[in-house]
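So the chains spell out like this:
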Amino acid sequence: MLKARLLFTLLTTSSTMRGAPMVSTDMPLTPHPAGYDEDLRLALEDLLLDRWLSTKALLANTRSWALRTSRSQVLAAGAAKGDAIAAWCAEEPGDANALMMRARVMTHRVVGAHRSTADRHTLLPRLSAARAACGDAARRWPADPVPWVCLLALAQVDVDHRQWHSVDHWANPPEAMLPRGPWPLLWQVDRRDWSNREAYHRMLQCFQARGNGAVDFTRWVASQAKPGAVLLNLPLYAYVEDYRMRTAGGQVASTLGFWTNDQVRHYVELARDGWFAHVTDMSTCSLLDLNYLAYTLTACGLPGAAEVFTAIGPFASPAPWQHVSGSRWWQDDFLQARNYAMKRERYRR
């Protein structure tokens with residue numbers, strides 16, 4: 001458990017977050033998927049009330065593919081609980097953003113149903129409808145990478161090699177060490193938004209769903225990434241999931257030294273030094289990436305966690321803390337790790 005691992009954690013970072021004060025150990029947590037993005041927060045609140053005009057305005061003023069991808073993902077999770085996007089499409093059936101959000105919402109619902117082990121007869125019609133919605137959005141705005149990201153998300157539903165998936169979307173990998181998968185979909189995203197963060201996470205989820213090649217894929221991605229690239233975090237997700245599965249399976253022998261393994265520690269250090277150290281505006285970072293880095297630095301006993309917790313501020317995310325512990329009270333694990341990191345930092349000073 002995290003409490004035991006913290007006993008050997010050594011956190012000796014020497015600097016504070018760029019342009020921000022050090023976080024207090026008693027700062028309350030306010031988990032929210034929008035994090036520091038106040039405009040996204042307001043649009044999400046309206047969506048939860050089945051109002052879509054603020055979402056329309058937000059997307060119209062979103063000027064980068066990366067931000068469009070991340071914002072639409074958060075919006076879809078909120079919109080999936082209501083009918084706001086359907087109302088928007090009915091009102092403005094030709095709007096590219098409305099069609100993209102419809103694809104987003106339908107994809108979110110299918111993936112959620114799949115993870116809830118919905119039966120095949122229930123899932124297949126929804127899967128076909130979601131793919132059709134992705135196609136409509138892609139045709140309406142061919143340059144938009146988001147519909148292709150949605151198709152990648154739907155690929156994780158194809159856990160059976162013999163059926164369901166479109167053959168055109170599956171191919172052999174660019175290198176022999178990697179598994180067969182929905183590479184053509186990833187290439188379509190790369191053509192529109194090179195190294196799109198969510199696209200590579202969706203590929204990882206696909207390999208995890210099939211139980212083959214997840215860690216190898218993330219190592220390969222990290223080997224291709226340049227300094228400052230957000231994809232240097234990808235191996236952290238694969239390692240956390242690997243550790244979670246080993247722990248859940250009672251594989252005590254294979255988990256005892258998991259976070260002290262040199263290879264695991266190498267990729268955690270790579271994320272810290274190759275990505276986090278290059279970020280100039282922490283408010284633009286994915287909260288998940290920050291939480292995964294804070295968790296893995298702590299688990300490995302590596303320096304640098306205090307600055308990462310400062311970047312997180314009050315916006316802790318359930319993952320990975322809850323995924324690993326399985327506890328409803330994941331905030332306790334987060335707070336314990338944060339408090340330890342901050343106390344070590346003050347003591348070092």
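All of these numbers come straight from a predicted model, not from anything done at the bench.

*Asks:* Explanation requested: the environment of Ala271 in the structure shown.
*Replies:* Within the element layout of this structure, Ala271 appears in helix H14 (residues 262-275). On a C-alpha basis, the gap between Ala271 and Gly228 in space is 9.0 Å, while along the polypeptide they are 43 residues apart. Sequence-distant contacts of Ala271, that is, excluding residues within four places in its chain, are made with Leu232, Asn233, Leu236, Phe276 and Leu293.

*Asks:* Even after reading the chapter, I still don't get the nonpolar core, so can you show me in this structure?
*Replies:* Across soluble globular proteins, nonpolar side chains show a tendency to be buried alongside one another. In this structure, Phe217, Trp259 and Phe309 are the most contacted members of the largest nonpolar core, which totals 101 residues. Phe217 has contacts with Leu178, Trp183, Tyr200, Met203, Leu204, Phe207 and Leu234, leaving out every residue within four places of it along the chain.

*Asks:* Looking at this model, I keep getting lost on the pattern of salt bridges. Mind explaining?
*Replies:* When their charged atoms lie close together, side chains carrying opposite charge are able to pair. Counted under the stated rule, the structure contains 14 salt bridges. The partner of Arg71 in a salt bridge is Asp37, and the shortest N-O contact between them spans 2.9 Å. Taken together, the positions of Arg71 in helix H4 (residues 65-79) and Asp37 in the loop between helix H1 (2-6) and helix H2 (38-48) put the pair 34 residues apart, joining distant regions of the chain. With respect to burial, Arg71 and Asp37 carry one shared label: buried. As a salt-bridge pair, Arg104 and Glu198 come within 2.6 Å of each other at their nearest N and O atoms. With Arg104 in helix H6 (residues 96-115) and Glu198 in helix H10 (residues 197-210), this pair connects stretches of sequence that are 94 residues apart. As far as burial versus exposure is concerned, Arg104 and Glu198 are alike and both buried. Salt bridges here are not isolated pairs; linked through shared partners, they connect Arg102, Asp136 and Arg139.

*Asks:* When you look at the packing of aromatic side chains in this model, what are you seeing that I'm missing?
*Replies:* The description of two aromatic rings rests on the distance between their centres and on the angle between their planes. For the coordinates displayed, the defined rule picks out 22 aromatic pairs. Among the aromatic residues, those joined into a ring-pair cluster are Tyr239, Tyr243, Phe258, Trp259, Tyr267, Tyr295, Phe309, Trp321 and Phe334.

Thresholds, definitions, all that
Residues numbered from 1 in each chain as written. Predicted model: local features only at pLDDT ≥ 70, side-chain atom pairs only at ≥ 80, totals over all residues. Heavy atoms only, no water. Helix = DSSP H or I, 4+ residues; strand = E, 2+ residues; numbered from the N terminus. Contact = heavy atoms within 4.5 Å. Core = buried A, V, L, I, M, F, W, Y, C linked by side-chain atoms within 4.5 Å. Buried < 20%, exposed > 50% of the residue type's maximum accessible area, 1.4 Å probe, protein only. Salt bridge = Lys/Arg side-chain N within 4 Å of Asp/Glu carboxyl O. Phe/Tyr/Trp six-rings, centres within 6.5 Å; stacked < 30°, edge-to-face > 60°.

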